[in-house]
Amino acid sequence: KPSLSVKDLHVSIEDKEILKGFGIDVKGGEIHAIMGPNGTGKSTLASALMGHPNYEVTSGEATFNGEDLFEMEVDERARAGLFLAMQYPSEVSGVTNADFIRSAMNADRDEDDQVSLMQFIRKIDDKMSTLEIDQSFQHRYLNEGFSGGEKKRNEILQLLMLEPKIAILDEIDSGLDIDALKVVAKGINEMRSDDFGCMIITHYQRLLNYIEPDFVHVMMQGKIVKSGGPELAKKLEEKGYEWIKEELGIED
Ligand code: ADP
Ligand code: MG
Ligand code: MG
């Protein structure tokens, strides 16, 4: 089973410590929701794990399938099956969406095991219909002129095409209307298997109405302060985050 294990992670941006002892274990077959107020370091966690150069890992460790994650090059992480959907996906001019996805699929394959154009087309047609994405999407430049909702759907399309081992989905639900939210959830649920583990980072509980997480973690001030099951997310939806601060004596 794939695994991502993070221990006592400390990460700084411009000498300011943002992650202050974050830890989690994600295994194949598990969906973890990471929830928390704005500014607690959720996106910092995602960026640090993917190796964004602005994020300095000052201490702690992370292993991906037993290998030291921080010793792996950034593209090596992706090729080994770690997937990150970013809160603000970037636009890439001159590269069509289909080309981008196909080269990403082929990047971790041997020369004699490349995905053929026919295989690729069959698969992308199938996944696009699952996600109710218009065919013209394939030929548009990556994320260029995509609406917020289109970008999010496209991230899920990439997820279904690349079939990573572990995915980190940062605010994949933000700015989506209810129909788009259901489609995104359908895509993630389709990935569910013992060969796939997922960290869903979200501020709101509503996506979790359609994807039942196995674990819910609350993150505050750079680390997990409370963990539970799906009922914890429901309680957060009803009561917000204040009660946790009071319970744990956390001050802003
Ligand atoms: P979240 O995703 O939980 O809303 P972030 O990880 O985006 O939180 O931000 C955590 C903290 O790090 C915030 O105080 C934010 O202002 C700060 N921060 C995030 N990115 C940068 C950056 N590029 N430069 C400086 N500070 C940053
Ligand atoms: Mg934020
Ligand atoms: Mg964020």
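Up top is the structure.
Presented here is an overview of the structure given in this document. (Residues numbered from 1 in each chain as written. Chains lettered and ligands numbered in written order. Predicted model: local features only at pLDDT ≥ 70, side-chain atom pairs only at ≥ 80, totals over all residues.)

1. Examining the overall build of the chain
We apply this condition: Helix numbering and strand numbering both begin at the N terminus, where a helix is a DSSP run of H or I of at least 4 residues and a strand a DSSP run of E of at least 2. The atom set for the radius of gyration is the C-alpha atoms, and the globule formula is 2.2 Å times the number of residues raised to the power 0.38. For every residue pair, C-beta atoms are placed from the backbone, and the pair is scored as a contact if these atoms sit within 7 Å.
On a plain count of helices and strands, the chain comes out with eight helices and ten strands. Taken over the C-alpha trace, the chain has a radius of gyration of 18 Å; the compact-globule value for 252 residues is 18 Å, and the two agree within 12%. Overall size of the chain, expressed as C-alpha extent along the three principal axes, is 60 × 40 × 35 Å. Expressed as a percentage of contacts within the chain between residues at least 6 apart in sequence, the contacts between residues at least 24 apart total 73%.

2. Focus: helix α7 (residues 230–239)
Where we set the bar: Counts of 20 or more other C-beta atoms within 10 Å of a residue's own C-beta define buried residues, counts of 12 or fewer define exposed ones, and intermediate counts define partly exposed ones; C-beta atoms are placed from the backbone. What the arc covers is the set of directions going from the helix axis to the C-beta atoms.
For α7, the complete set of buried residues consists of Leu 232, Ala 233 and Leu 236. What you see down the axis of α7 is that its buried residues fit within an arc of 100°, all on one side. The exposed set on the far side of α7, more than 90 degrees from its buried face, consists of Glu 231, Glu 238 and Lys 239. Packed against the buried residues of α7 are β3 (31–35), β9 (215–220) and β10 (223–228). With its phi angle positive at about 70°, Gly 240 sits one or two positions after the end of α7.

3. A short note on the site of ligand 1
Threshold: In this text, near has one meaning. A residue is near a molecule or strand if its C-beta atom, placed using the backbone, is within 6 Å of it. Gly counts as polar in this scheme, as do all residues outside two lists: the nonpolar Ala, Val, Leu, Ile, Met, Phe, Trp, Tyr, Cys and Pro, and the charged Asp, Glu, Lys and Arg.
The environment of ligand 1 is made up of Ile 13, Glu 14, Ile 18, Gly 36, Asn 38, Gly 39, Thr 40, Gly 41, Lys 42, Ser 43, Thr 44 and Asn 54. At three residues, helix α1 (residues 42–50) tops the list of elements feeding residues into the shell around ligand 1. Residue classes in the shell around ligand 1 are distributed as two nonpolar, eight polar and two charged.

4. With respect to the sheet that holds strand β2 (residues 16–27)
Think of a sheet as strands paired side by side through backbone hydrogen bonds, with each pair either parallel or antiparallel. Note the cut-off: Here, a strand pair is defined by DSSP locating no fewer than two bridges between the strands.
A sheet is described by the order of its strands in space; here four strands give the open sequence β2-β1-β4-β5, paired in antiparallel fashion. Two strands in the sheet have a free side with no partner beyond their single neighbour: β2 and β5 (67–68). Two strands pair when backbone bridges link them, and strand β1 (residues 3–13) and β2 are joined in this way by nine bridges, in the antiparallel orientation. In the sheet register, Val 11 faces β2, and the bridge partner there is Leu 19.

5. Some words on the packing of helix α4 (residues 117–130) against helix α5 (residues 148–162)
How we decide: Every axis corresponds to a line fitted to the C-alpha atoms, with the helix fit spanning only the stretch in contact, and the corresponding angles, defined between N-to-C directions, vary from 0 to 180 degrees. In these notes the angle categories are as follows: under 35 degrees is roughly parallel, over 145 is roughly antiparallel, 65 to 115 is roughly perpendicular, and the rest is oblique. By the definition used in this description, the sense in which the near helix is turned from the far one sets the handedness, with an anticlockwise turn below a right angle giving left-handed and a clockwise turn giving right-handed.
The contact between α4 and α5 brings their axes to 10 Å, and the two run at 135°. Taken together, the axes of α4 and α5 are oblique relative to one another. α4 and α5 meet at a crossing whose hand is right-handed. Counted together, Lys 123, Ile 124, Lys 127 and Met 128 of α4 and Leu 157, Leu 160 and Met 161 of α5 form the full contact between these two elements. Its residues assigned to classes, the contact of α4 with α5 comprises five nonpolar, no polar and two charged.

6. As for unusual backbone geometry
The backbone of Glu 171 sits at a positive phi, close to 50°, despite the residue not being glycine. Unusually for a residue other than glycine, Gln 221 sits at a positive phi of about 50°. Following the sequence through the fold, Gln 221 ends up in the loop between β9 and β10. By C-beta crowding, Gln 221 is classed as partly exposed, having 18 other C-beta atoms within 10 Å.

7. Some thoughts on the sheet that holds β9
If you trace the six strands from one edge of the open sheet to the other, you get β6-β7-β8-β3-β9-β10, paired in mixed fashion. Looking at which strands have only one partner, the edges of the open sheet turn out to be β6 (82–85) and β10. Each neighbouring strand pair of the sheet contributes to a mean axis angle of 20°, computed without reference to strand direction. Here β6 runs beside strand β7 (residues 166–170); their pairing, made up of four bridges, is parallel. The partner of Phe 83 across the bridge, within β7, is Ala 167. Against the sheet, α1 engages β3, β6, β7, β8 (197–202) and β9, with an angle of about 145° to β7.

8. Description of the packing of α5 against helix α6 (residues 178–191)
At a minimum axis distance of 10 Å, the contact between α5 and α6 shows a crossing angle of 10°. The angle between α5 and α6 places the two elements in the roughly parallel class. Residue-level inspection shows Gly 149, Lys 152, Arg 153, Ile 156, Leu 159 and Leu 160 of α5 in contact with α6, the latter providing Ala 180, Val 183, Val 184, Gly 187, Ile 188, Glu 190 and Met 191. Partitioning the contact of α5 with α6 into residue classes produces eight nonpolar, two polar and three charged.

9. Some details on the pairing of β8
For β8, the buried fraction is high: six of the six residues fall into the buried class. Residue alternation in β8 divides its side chains into two sets, Gly 197, Met 199 and Ile 201 and Cys 198, Ile 200 and Thr 202, and both sets are buried. Pairing geometry for β3 and β8, over five bridges, is parallel. Bridging from a neighbouring strand, Ile 31 pairs with Cys 198 of β8. By the bridge criterion, five bridges tie β7 to β8 in an arrangement that is parallel. When the bridges of β8 are listed, Ile 168 appears paired with Met 199.

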